[in-house]
Protein chains: 2
Amino acid sequence: MANPECRLCGLKSPAAELLSSSELETLELNCAQINFKKGDVIFREGTLATNIAYLKSGLVKVHMKGPTGDKILRLMKAPTYLGLPTTFGDKVNHYSATALIDSHICFISLDTFRDFIFKNGSFAYEIILDLCRNELTDYQKYANMSQKQLPGRLAEILLCMSHEVYKSNRFELPLNNNELSDFISTSRESVSRLLSDFAKEGIISINKKELTILKEDMLEKISLKG
Amino acid sequence: MANPECRLCGLKSPAAELLSSSELETLELNCAQINFKKGDVIFREGTLATNIAYLKSGLVKVHMKGPTGDKILRLMKAPTYLGLPTTFGDKVNHYSATALIDSHICFISLDTFRDFIFKNGSFAYEIILDLCRNELTDYQKYANMSQKQLPGRLAEILLCMSHEVYKSNRFELPLNNNELSDFISTSRESVSRLLSDFAKEGIISINKKELTILKEDMLEKISLKG
DNA sequence: GACTGTGTGTGACATTTATCACATAATAGA
DNA sequence: TCTATTATGTGATAAATGTCACACACAGTC
């Protein structure tokens, strides 16, 4: 746990940018930064939701237990709030968050955060915008994922990692085959086969964990046609 | 279009209950009630999002175009806001809303609504709670739907209609087979076969559009095991 | 270096589900 | 009532995917 310096923090959320300096002081007194290592659970489904979690740096998977096993709902890239809905929506967390790489999280007192919403309209509006935008992307992803077949689903998340997360055609895969299968709701074996297929066709290449997208247009096509 | 009487309205949202009487007057001046018949589109994907839509009475499907056809994202039962996220999150609607039965919608000026968020912390907080709770149920449904096979998915939405929407074991099916297939992402034929199967096994009975759940425990079991 | 646990690759087969083709039924207009 | 349109039921088949079985690779530990 570190002593946060919220006022000077260069990684403030868009909402926090709208806080007054006295509000930032309050924040600073009601906030604790904790560092998580790869694989560490940040908050867990079924436990009490006691604090707002702000992902200052790092990469996190949000996941929940489904009927047949774990389901990865989305990846969250810093900077972003993590699971506002599970903190406000119920006393108990409905899903878990786990660090995929070393990550820095600021835990903010729920009361403090709520107070900002009540007293600072701009802050509240920014939080609402954030929740709304998240729902839009979630719905989009949901509609896509539920209608596409496996190759399309896998292609989509590879492109998503490339475009949204790493902004590069070459990146370290943050998920193993098992997690990939939890993400696109299939079996580990199918993921393994599909990645091999993509590699055989020269669409991607994999070296250990490093994945390179060689034919992005092909991947786009696979993703689109389902 | 009718002259709304927001102050006296007995169907105010939890958020609107928190408005002062002068704010309610403002609301009244910036609000119009429009009645939609079954099948009418309330707002359409790809068009400008200009107003907040509040579903005062009725039942609505929220749906968007997916890679292979329409996808029903959720049913919305009055009273509730319809598509706050698509109104705030972007200038353009990312999904559509269509009335499944005759429905009354109040359209509220976006500026007025935004003003309430800025100036009335309780109102803003209530809106945030609503968005958060919606995300929780959406995620739950997403995790379930993506891991279950067809019988489980169909059983789940029948139970959902029975428990959440109609609060009865007997109800008029608001969706035809085609729409059911859009909801659970399958083909119309599979829905038809499955409903026949359920009926043959005495789990449900269907008379025209009226569906009766005869063996709820069986349906629960099918829904759970996937 | 041997040992152990975890992750991965791949074949054979079973199951689930989509697709196509068509018959029949229900409904809304003229 | 007749007709056009839309909705539904059902068989045959093909395609996609899960499951099981097992081999192998790799990393960390002793």
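Going by the structure above, here's the rest.
No experiment lies behind these values; they were computed from the predicted model shown.

## Here we look at the interface of chain A and chain B
Right, on to step 1. The interface is formed by 45 residues belonging to chain A together with 45 residues belonging to chain B.
Right, on to step 2. Buried surface at the junction of chain A and chain B, summed over both partners, amounts to about 4,300 Å²; 67% is from carbon and sulfur atoms.
Right, on to step 3. It is Tyr139(A), Tyr142(A) and Gln147(A) in chain A that bury the most area against chain B; as a group they hold 18% of the surface buried on that side.
Right, on to step 4. The interface formed by chain A and chain B includes zero salt bridges.
Right, on to step 5. Looking at the side of chain A that touches chain B, the elements that each hand over two or more residues are strand E4 (59-66), strand E5 (69-77), helix H2 (84-88), helix H3 (110-119) and helix H4 (121-147) of chain A.
Right, on to step 6. The element best represented in the side of chain A that touches chain B is H4(A), accounting for 22 residues.
Right, on to step 7. Within the side of chain A that touches chain B, the residues separate by chemical class into 22 nonpolar, 13 polar and ten charged.

## Section: the relation of the copies chain A and chain B
Right, on to step 1. Superposition record for chain A on chain B: RMSD 0.0 Å, screw rotation 180°, translation along axis 0.0 Å. What the superposition gives is, in effect, a two-fold axis relating one chain to the other.
Right, on to step 2. Comparing interface residues between copies, 100% of those in chain A also sit at the interface in chain B, which points to an isologous, same-surface contact.

## Some details on the protein's contact with DNA strand C
Right, on to step 1. Close to DNA strand C lie 19 residues, the nearest being Ser192(A), Leu150(B), Thr186(B), Ser190(B) and Arg193(B).
Right, on to step 2. Counted by atom, the contact set of DNA strand C within 4 Å of the protein is 49% sugar and phosphate.
Right, on to step 3. The separation between a base nitrogen of DNA strand C and a polar side-chain atom of Arg193(A) is 3.0 Å.
Right, on to step 4. One of the side-chain nitrogen or oxygen atoms of Glu189(B) is found 3.4 Å away from a base nitrogen of DNA strand C.
Right, on to step 5. Looking at the surface near DNA strand C, the elements with two or more residues in it are helix H6 (177-184) and helix H7 (188-200) of chain A together with helix H5 (150-166) and helix H7 (188-200) of chain B.
Right, on to step 6. In terms of residue class, the surface near DNA strand C is built from two nonpolar, ten polar and seven charged.

## Some points on the environment of Ser196(B)
Residue and element names in this part refer to chain B.
Right, on to step 1. Examined against the element boundaries, Ser-196 turns out to sit in helix H7.
Right, on to step 2. Residue classification places Ser-196 among the partly exposed positions, given a relative accessible area of 34%.
Right, on to step 3. For the pair Ser-196 and Ala-15, spaced 181 residues apart in the sequence, the C-alpha separation amounts to 43 Å.

## Some thoughts on the pattern of salt bridges
All names here are of chain A.
Right, on to step 1. One pass over the structure, following the stated rule, counts twelve salt bridges over all chains.
Right, on to step 2. Among the salt bridges present, the one from Glu-156 reaches Lys-148, with a minimum N-O distance of 2.4 Å. Taken individually, Glu-156 and Lys-148 each receive the classification buried, so the pair is uniform in this respect.

## Notes on the protein's contact with DNA strand D
Right, on to step 1. In the vicinity of DNA strand D, 17 residues are found, and the nearest of them are Leu150(A), Thr186(A), Ser190(A), Arg193(A) and Ser192(B).
Right, on to step 2. Thr186(A) is positioned with one of its side-chain polar atoms (N or O) 2.5 Å from a phosphate oxygen of DNA strand D.
Right, on to step 3. Arg188(B) has a polar side-chain atom sitting 3.0 Å from a base oxygen of DNA strand D.
Right, on to step 4. Going through the elements one at a time, helix H5 (150-166) and H7 of chain A together with H7 of chain B are the ones with two or more residues in the surface near DNA strand D.

## Some thoughts on the packing of H4(A) against helix H3 (residues 110-119) of chain B
Right, on to step 1. Running from amino to carboxyl end, H4(A) crosses H3(B) at an angle of 125°, the nearest separation of the two axes being 7 Å. By the angle class used here, H4(A) and H3(B) are oblique. For the pair H4(A) and H3(B), contact is made by Gly121(A), Ser122(A), Ala124(A), Tyr125(A) and Ile128(A) and by Arg114(B), Ile117(B) and Phe118(B), respectively.
Right, on to step 2. Partitioning the contact of H4(A) with H3(B) into residue classes produces five nonpolar, two polar and one charged.

## Observations concerning the nonpolar core
Right, on to step 1. Counting 98 residues, the largest nonpolar core has Ile42(A), Leu82(A), Ile42(B) and Leu82(B) as the members making the most contacts within it.
Right, on to step 2. Excluding residues that lie within four positions of it along the chain, Ile42(B) makes contacts with Phe36(B), Val60(B), Leu82(B), Ala97(B), Thr98(B), Ala99(B), Ile105(B) and Phe107(B).

## Topic: the sheet that holds strand E3 (residues 51-57) of chain A
Where strands meet in a sheet, backbone hydrogen bonds hold them as pairs that are either parallel or antiparallel.
All names here are of chain A.
Right, on to step 1. Taken in spatial order, the four strands line up as E1-E8-E3-E6 in an open sheet, and their pairing is antiparallel. Strands with a single pairing partner mark the edges of an open sheet, and in this sheet they are strand E1 (31-36) and strand E6 (80-82). The average undirected angle you get between the axes of adjacent strands in this sheet is 30°.
Right, on to step 2. Across six bridges, E1 lies against strand E8 (residues 103-109) in antiparallel orientation. Bridging from a neighbouring strand, Gln-33 pairs with Cys-106 of E8.

Cut-off values and rules
Residues numbered from 1 in each chain as written. Chains lettered and ligands numbered in written order. Predicted model: local features only at pLDDT ≥ 70, side-chain atom pairs only at ≥ 80, totals over all residues. Heavy atoms only, no water. Contact = heavy atoms within 4.5 Å. Buried area = accessible area lost by both parts, 1.4 Å probe. Salt bridge = Lys/Arg side-chain N within 4 Å of Asp/Glu carboxyl O. Helix = DSSP H or I, 4+ residues; strand = E, 2+ residues; numbered from the N terminus. Nonpolar A, V, L, I, M, F, W, Y, C, P; charged D, E, K, R; others polar. Least-squares fit on C-alpha atoms with pLDDT ≥ 70 in both. Near = heavy atom within 4 Å. Polar contact = N/O pair within 3.5 Å; in protein donor to acceptor, adjacent residues only side chain to side chain. Buried < 20%, exposed > 50% of the residue type's maximum accessible area, 1.4 Å probe, protein only. Axes fitted to C-alpha atoms, helices over the stretch in contact; angles between N-to-C directions. Parallel < 35°, antiparallel > 145°, perpendicular 65-115°, else oblique. Core = buried A, V, L, I, M, F, W, Y, C linked by side-chain atoms within 4.5 Å. Pairing = 2+ DSSP bridges.

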